[in-house]
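Residue-level structural notes
Read off the chains here:
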Amino acid sequence: MLPAYVQPVINTLLVGAKDSQAVIRASSLSNLAQVCHVIKAAVVPVIQEVVICIHDIVRTDSKSEVRRAAVHVIRQLLTGLQDDSIQVLQDALKEMYRTLKYVLQFDTDDITKLHAQLAMEELNTIMKSYIFPQQTLTKKITVLPT
């Protein structure tokens, strides 16, 4: 996807996420998850709007399908960016973590909790690889000229 079209596409999907019909909201969020997974770091200019929208939907929407799709957006963002998540998402990671913890503690839908748990595991993996980077232990042996 060309970077010039990222902003209009994401804005359209965010508008769809606030529609009055639950099917439209869930579909828009699922499509947003796929777009975020594909465009990777190009989501930076609109990441705050995406995170705020997801956070509001998770806390206020009464339909479990919509909440599932919102948590799915977080997971797709994390899996799409992998090790670049910390650099790209920066301030948004804290809000994503809080949203996932909220879902795990207070949501009544088991599938939504499962999606949140999978996203938390992805975030945990990313943070572990950032804090404890892969070390390569090699020893270089050289023979001195005689």
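Figured I'd write up the structure that's included with this text.

Rules of the game
- Residues numbered from 1 in each chain as written.
- Predicted model: local features only at pLDDT ≥ 70, side-chain atom pairs only at ≥ 80, totals over all residues.
- Heavy atoms only, no water.
- Axes fitted to C-alpha atoms, helices over the stretch in contact; angles between N-to-C directions.
- Helix = DSSP H or I, 4+ residues; strand = E, 2+ residues; numbered from the N terminus.
- Parallel < 35°, antiparallel > 145°, perpendicular 65-115°, else oblique.
- Left-handed = near helix turned anticlockwise from the far one by under 90°.
- Contact = heavy atoms within 4.5 Å.
- Nonpolar A, V, L, I, M, F, W, Y, C, P; charged D, E, K, R; others polar.
- Expected span 1.5 Å × (residues − 1).

1. Brief notes about the packing of helix 3 (residues 47-60) against helix 6 (residues 92-106)
Remark: helix 3 packs on helix 6, axes separated minimally by 10 Å, with the N-to-C direction vectors making an angle of 15°. Relative to helix 6, the element helix 3 lies roughly parallel. Read as a crossing pair, helix 3 and helix 6 show a hand that is left-handed. Residue-level contacts link Ile47, Gln48, Val51, His55, Val58 and Arg59 of helix 3 to Ala92, Glu95, Met96, Thr99, Tyr102 and Val103 of helix 6. Its residues placed into classes, the contact of helix 3 with helix 6 shows 7 nonpolar, 3 polar and 2 charged.

2. Side note on helix 3
Between the first and last C-alpha of helix 3 there are 20 Å, a value that for 14 residues agrees with the 20 Å anticipated at 1.5 Å per step. Residues of helix 3 that are buried make contact with helix 1 (3-16), helix 2 (22-39), helix 4 (64-81), helix 5 (85-89) and helix 6.

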